[in-house]
Amino acid sequence: MSSDSSNKEFDISIVGGGMVGAAIALALSQAGLQVALIEKQAPPEFMPDSAPDLRVSSINLASEAWLTQLGGWPALERMRLCPYQRLQAFEQLHSIVSFNAADIKRSHLGHIVENNLLQLALWQQFGANLTLFCPSSVTALEQSAESAMLTLDSGEQLSSKLVVAADGGNSQLRRLAGIGTNGWQYSQACLVALVNTPYPQQDVTWQQFTPTGPKAFLPLCGQQGSVVWYEEASRVKQLAALTPAQLTQQLIKAFPVQLGEVEVVASSWFPLARMDANRYYAGRVVLAGDAAHTINPLAGQGVNLGFADAKLLTELIIDARRHNSDIGSAQLLQRYQRKRKPANLLMMSAMDGFYQVFGHDIAPLRTLRQLALNVAARSTLLKKLVARYAVGSE
Ligand SMILES: Cc1cc2nc3c(=O)[nH]c(=O)nc-3n(C[C@H](O)[C@H](O)[C@H](O)COP(=O)(O)OP(=O)(O)OC[C@H]3O[C@@H](n4cnc5c(N)ncnc54)[C@H](O)[C@@H]3O)c2cc1C
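Residues numbered from 1 in each chain as written. Predicted model: local features only at pLDDT ≥ 70, side-chain atom pairs only at ≥ 80, totals over all residues. Heavy atoms only, no water.

A. Local environment of the overall build of the protein. Each helix and strand in the protein was counted, giving 11 helices and 19 strands. Across the 394 residues that make up the protein, the buried fraction comes to 53%. Taking all contacts inside the protein whose residues are at least 6 apart in sequence as the whole, residues at least 24 apart take part in 73%. Accessible surface computed for the protein: about 16,900 Å², of which carbon and sulfur atoms make up 53%. (Helix = DSSP H or I, 4+ residues; strand = E, 2+ residues; numbered from the N terminus. Buried < 20%, exposed > 50% of the residue type's maximum accessible area, 1.4 Å probe, protein only. Contact = heavy atoms within 4.5 Å. Areas by Shrake-Rupley, 256 points an atom, 1.4 Å probe, with all protein chains shown as cover.)

B. Inspection of the packing of helix 1 (residues 19–30) against helix 4 (residues 115–123) at higher detail. Across the interface, helix 1 lies against helix 4 with an axial gap of 9 Å and an inter-helix angle of 15°. Looking at the two axes, helix 1 sits roughly parallel to helix 4. Helix 1 and helix 4 meet at a crossing whose hand is left-handed. Of the residues in helix 4, those in contact with Met19, Ala22, Ala23 and Leu26 of helix 1 are Asn115, Leu118, Gln119, Leu122 and Trp123. (Axes fitted to C-alpha atoms, helices over the stretch in contact; angles between N-to-C directions. Parallel < 35°, antiparallel > 145°, perpendicular 65-115°, else oblique. Left-handed = near helix turned anticlockwise from the far one by under 90°.)

C. How the structure looks around the sheet that holds strand 12 (residues 181–196). Ordered by their spatial adjacency, eight strands build an open sheet running 6-5-13-14-15-12-16-19, and the pairing between neighbours is mixed. Two strands close off the open sheet at either side, each with one partner strand: strand 6 (97–100) and strand 19 (293–294). Relative to strand 6, strand 5 (residues 86–90) is paired through four bridges, and the arrangement is antiparallel. Bridge pairing in strand 6 links leucine 87 to phenylalanine 99. Set on the sheet, helix 6 (residues 233–240) makes contact with strand 12, strand 15 (224–232) and strand 16 (263–277); between it and strand 15 the angle comes to about 140°. (Pairing = 2+ DSSP bridges.)

D. Quick look at the environment of serine 187. Positionally, serine 187 belongs in strand 12. Here the alpha-carbon distance between serine 187 and alanine 273, two residues 86 residues apart in the chain, equals 9.1 Å. Separated by 3.5 Å, the side chains of serine 187 and glutamate 232 make a polar contact. (Polar contact = N/O pair within 3.5 Å; in protein donor to acceptor, adjacent residues only side chain to side chain.)

E. Layout of the UniProt feature "domain: FAD dependent oxidoreductase" (unreviewed entry) in the protein. As annotated by UniProt and renumbered to match this structure, "domain: FAD dependent oxidoreductase" (unreviewed entry) occupies residues 11–43. As annotated, residues 11–43 comprises 36% helix and 27% strand, and the C-alpha atoms at either end are separated by 25 Å. (UniProt positions renumbered as here; feature names shortened; annotations may be inferred.)

F. Representation of the pattern of salt bridges. If you walk through the whole model with that rule in mind, you get nine salt bridges. For aspartate 203, the salt bridge identified is with arginine 86, shortest N-O distance 2.8 Å. Here aspartate 203, found in the loop between strand 12 and strand 13 (204–210), pairs with arginine 86, found in strand 5; they are 117 residues apart in sequence, far enough to count as distant. Residue classification places aspartate 203 among the partly exposed positions, given a relative accessible area of 27%. Classification of arginine 86 as partly exposed rests on a relative accessible area of 29%. For the salt bridge of arginine 284 with aspartate 326, the shortest nitrogen-to-oxygen distance reads 2.6 Å. With a gap of 42 residues between them, arginine 284 in the loop between strand 17 (281–282) and strand 18 (285–287) and aspartate 326 in the loop between helix 8 (302–322) and helix 9 (330–358) connect regions that are remote in the sequence. (Salt bridge = Lys/Arg side-chain N within 4 Å of Asp/Glu carboxyl O.)

G. Representation of the side chain of threonine 151 in the model. With respect to the secondary-structure elements, threonine 151 resides in strand 10 (residues 148–152). We classify threonine 151 as buried; its relative accessible area is 14%. In terms of polar contacts, threonine 151 uses its side chain to reach the side chain of glutamine 157, at 3.1 Å. Apart from the residues within four sequence positions on either side, threonine 151 is in contact with Ser137, Val138, Thr139, Ala140, Glu156 and Gln157.

H. A look at the nonpolar core. Among the nonpolar cores identified, the biggest contains 74 residues, and Ile12, Ile14, Leu67, Leu118, Phe307 and Ile317 are the most heavily contacted of them. Here this core spans two domains, and each of domain 1 (9–45 + 120–182 + 275–354) and domain 2 (71–114 + 186–272 + 374–391) adds at least three residues to it. If sequence neighbours within four positions are ignored, leucine 118 has contacts with Met19, Ile59, Leu67, Leu76, Val113 and Phe307. (Core = buried A, V, L, I, M, F, W, Y, C linked by side-chain atoms within 4.5 Å. Domains from an automatic or database assignment.)

I. Molecular detail of the pairing of strand 11 (residues 157–165). With seven of nine residues buried, strand 11 lies mostly within the body of the structure. Of the pairings in the sheet, the one linking strand 1 (residues 9–15) to strand 11 comprises six bridges and is parallel in character. Its bridge partner being in strand 11, phenylalanine 10 is matched across the sheet by serine 160. Of the strand pairs in this sheet, strand 10 and strand 11 are connected by four bridges, and their pairing is antiparallel. Residue threonine 151 lies in a different strand from strand 11, and its bridge partner there is glutamine 157. If you look at the hairpin formed by strand 10 and strand 11, you'll find four residues sitting between the two strands, and glycine 155 has a positive phi there, around 95°. Strand direction decides the pairing type here: strand 11 and strand 18, joined by three bridges, are parallel. Within strand 18, the residue paired with alanine 165 across the bridge is leucine 287.

Put into structure tokens, the structure is as follows:
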């Protein structure tokens, strides 16, 4: 890997080296393509004693399998991650619906990982064929029929057959490529708190549905966890302004007793938005991950969808290169869009339905919610189906 390049011609340029962009860069460079990766900010180094990143994601088995293939997962395992075997949903503690890995003969349903550690684990695998431009950002994009040209803030110009925009929900490249979006901001926002818990290592992630919005717990390594509290945005902002000690009191009051006597270490809040790009490519620019879609994080699917985009896109590109075809052709990009856009939209709409039924305190919805949880509690088949969906199998 070099940090600069005199040769400004690449097969592919990728803007954004977050979890999704880094995975794409790795897959393509490992396959022998010449890759430029442009990222504003490198992930911090790992310190075993450092507090976990506040941004954590639940990674399903499908994503884990692909990241293992890329070599990123074993590197993450050498740092920090937390498997979970059980997933619980409930309104009242006496009616918990539990989905177990054992029901589908798996050792775990997924892992809770820190976003910046997963990003770092992928960066640690960068090697031959990859030129990293970091810290760096793009100032202009020009396209011709044969190539796309990026101008960086350093003044360097990079020409390539294809540009991948993996620069997140507020993608600058998407705008430069002239791709519009559809979507809205939800009235709720979520508060995320890193907490110390009184319990030894936990193996369960749970979500309680309450009249004002869901409350969730995600286990982290050792006696730590991540708490997610969905509420009206104004209330979330008030909570986020509290000191850790004050927020601790609020959490203990508002969350179910199984949270225990936690202690807040740090917290932050996130607005919730749904965004769907009108199309996934324009000319020789293609979108992947949050640059193409952002989804309500209620069921922890966002980056898993991003990895599914990344896997398909890289497979199509590697296949085209093997057949000496144009890796940025409209045909290839159309195939990518045709497969991924409907799949991502389906998941977004399912999450919206879920949000409507489980996020509001309207009487008929309350009844429907209770009914759904009761049916799920009694149906072994349904529980297996939910567990399969959670791990990311078709
Ligand atoms: C509260 C919350 C909880 C979530 N929980 C889950 C979960 O449990 N499971 C799950 O799957 N998903 C979850 N998500 C969603 C998940 O975080 C995102 O889907 C994921 O981060 C998207 O990854 P990405 O690489 O596409 O984009 P990003 O993570 O946004 O990365 C984009 C990268 O591009 C860089 N960049 C941006 N602009 C430029 C530029 N102009 N030039 C150069 N570089 C640039 C940024 O520095 C960054 O590194 C959650 C989201 C939220 C808000």
